[in-house]
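Residue-level listing of the chains:
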Amino acid sequence: MSKKILLEHINTPNLTNIDVYMGTGGYKSVEKAVKTMTPDEVTEEVKKSGLRGRGGAGFPTGMKWSFLAKGTGKPSYLVCNADESEPGTFKDRFLMEFNPHSLIEGMITSSYALGANTSYIYMRGEFTWIFPILEKAIDEAYAKGFLGKNILGSDYSLDLYVHPGGGAYICGEETALLESLEGKRGNPRIKPPFPAVWGLYGCPTVVNNVETIADVPWIVNHGGDEYAKIGIGRSTGTKLISACGNINKPGVYEIELGLPVEEFIFSDEYCGGIAGGKKMKAVVAGGSSVPILPAELILKTAKGEPRLMTYESLSDGGFATGTMLGSGGFIVFDENACIVRNTWNFTQFYHHESCGQCSPCREGTGWMEKVLHRIENGHGNMRDIDLLVDVARKIEGNTICPLGDAAAWPVASAIRHFRHEFEYHILHPEKVKDRNHAPVPVLQEV
Amino acid sequence: MENKFQFTAEATALANKIIKRYPEGKSKSALLPLLHIAQGENHGWLSVEAMDYVADFLKLQPIEVYEVASFYTMYNLKPVGKYVLEVCRTGPCCLNGAEDVIDYLQNKLGIKVGETTPDRKFTIKTVECLASCGTAPMMQVRMHYHENLNKEKIDGLLVEFADSKN
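Source: prediction; values computed, not measured.

The next subject is the overall build of chain B. When its secondary structure is counted, chain B shows seven helices and four strands. Ordered by position from the N terminus, the helices and strands of chain B form the series α-α-α-α-β-α-α-β-β-β-α. Principal-axis analysis of the C-alpha atoms gives chain B an extent of 50 × 35 × 25 Å. A total of 166 residues make up chain B; the buried ones form 37% of that total. Nonlocal contacts in chain B, meaning residues at least 24 apart in sequence, comprise 57% of its contacts between residues at least 6 apart.

Now the structure itself:
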């Protein structure tokens, strides 16, 4: 069994109750932080831990915190990004539903480090049943003196609120989230200025993912150095991976970073192998936005080394032969899955979710969707494949926020690794008419 | 013209409590939560009257409310059935038969995605990833996620909804 931090006590009955949670050692980090540490000392431990943003970008959390503008005369804010909506990702939902106090405790300790006296959890509006769970947890924390005025008799005060979104993937982008929290459309802002300088209401703000924040209590309790001992190299700690697709045991798993990908997919402790005894065709390792990899490249790098669940190993080979750890949304495709249909599906998603600010993304996602619809439905032309590559290239890097890149990468990578499936759809329209058509024959070497 | 839509006393109290979560002068932040309340009080959709009421409540221009309501997918700008069946259609769900679920619902209810049954009981809507990929296929109906769907489960749910008085 590998080290568990977030899910260590997940099987304890009634963990959503604060007394039960405290019985497992919960809320100790609040006491330790506000009574024995300065805010900068907390930030220092997070820096030492090597913790990286668990929402997808993987940016070092302690460094992000240290960018927060000081002495501006304005209040500072911590905003938790609980707008989990990256296809394939359902880890934050799990954590908030079954271990809500881990997030609340992390919010308090992190807010203390950042000097924030008001903090918000921006949760996607569809998680209707989780709102009462979090609100009850917050009420319990107030009642125990972990929230409100003069927390545990210290000078530090904090109010914490949950805010619902309205249904928009783009609000997972931190500046779109802030716009949305201000009651506006979720249009991402041009950076710089970054939220650390100009965030919520024009004040210095840190936006962190649910899982990132929930990791902070352990780091404060045990020290950043201890956390850094878990994992490999610059991929420290544990990571929640939500596994789905054609596997035997879909679900949320906490892994020590560094676990071999092969073990994760095939061992009974995790995914339990491919459903129905089929072969694995491909994997999207970090949410729909990261490049898709064929089975052989997800298990081994191009150099032939075993691929590990770390930021570095998954991106080994760049986009030519690698991918990204991303959000930890791990989607497995079996041999029957149609890569063309799935790529078309993802493109519909990005077209629907584009906020419409930047022309390359607003128009490009629609073009890619139309061309892929054409290919999937047997009206494609060989030129369409290069057209898709061209459109994807022209979206990438030409938009205000990363949604453009996120829309371009799945298309570019699917064509890079599965070009023959696209060609087959174009050359044999009669064989792919039915959406449950027989799998595209595996490419034979000539 | 007089606006016929208004919050109940309970909704008004909740709205005022929500506004207090945000700093003074930043009550616009309450717009999304208040639109959820308004939609709940208006049979699941936002009429112009309901949006104008929210604008008035938060002292905003109506356009500031319309542009937000039309941006987010949870807000319905047309009348919907009593039960809106929101089926996830994104990749991971499709790997586990979401398209079959959509076909089955369309055939069973005799309506297409985006339509409402003549008795105004059901609307089928497709939605993008609801973070339920490990329990696919799934649909959201009001507060609840119905997961690991199959035909029997769907049949049972439709009977339950059809018999329900709410």
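There's more to say after this.
Looking now at the domain arrangement of chain A. Residue and element names in this part refer to chain A. Taken domain by domain, chain A comprises domain 1 (18-229), domain 2 (239-334) and domain 3 (339-428). Opposite the 14 residues of domain 1 that make contact, domain 2 presents 18 residues. Tallying contributions element by element places helix H5 (residues 91-98) first for the side of domain 1 that touches domain 2, with three residues. Here the residues of the side of domain 1 that touches domain 2 sort into four nonpolar, five polar and five charged.

Residue and element names in this part refer to chain B. Considering the arrangement of structural elements, one finds Met-139 in strand E3 (residues 139-141). The exposure class assigned to Met-139 is buried, which follows from the 27 C-beta atoms found within 10 Å. Remark: the alpha-carbon pair of Met-139 and Asn-3, spanning 136 residues in sequence, is separated by 35 Å. Leave out the neighbours within four places in its chain, and Met-139 touches Leu-85, Glu-86, Val-87, Cys-88, His-146 and Leu-149.

The next point concerns the sheet that holds strand E7 (residues 238-245) of chain A. Residues and elements named next belong to chain A. Taking strand neighbours across the sheet as the criterion, the five strands line up as E8-E7-E11-E9-E10 in an open arrangement whose pairing is mixed. The two strands at the open ends of the sheet, each matched to only one other strand, are strand E8 (251-256) and strand E10 (293-294). The pairing of strand E9 (residues 280-284) with strand E11 (residues 329-334) spans four bridges and is classified as antiparallel. Each residue of the ladder has a partner; that of Val-283, found in E11, is Val-332.

Quick notes on the rules
Residues numbered from 1 in each chain as written. Chains lettered and ligands numbered in written order. Predicted model: local features only at pLDDT ≥ 70, side-chain atom pairs only at ≥ 80, totals over all residues. Helix = DSSP H or I, 4+ residues; strand = E, 2+ residues; numbered from the N terminus. Buried ≥ 20, exposed ≤ 12 C-beta atoms within 10 Å, placed from the backbone. Contact = placed C-beta atoms within 7 Å. Domains from an automatic or database assignment. Nonpolar A, V, L, I, M, F, W, Y, C, P; charged D, E, K, R; others polar. Pairing = 2+ DSSP bridges.

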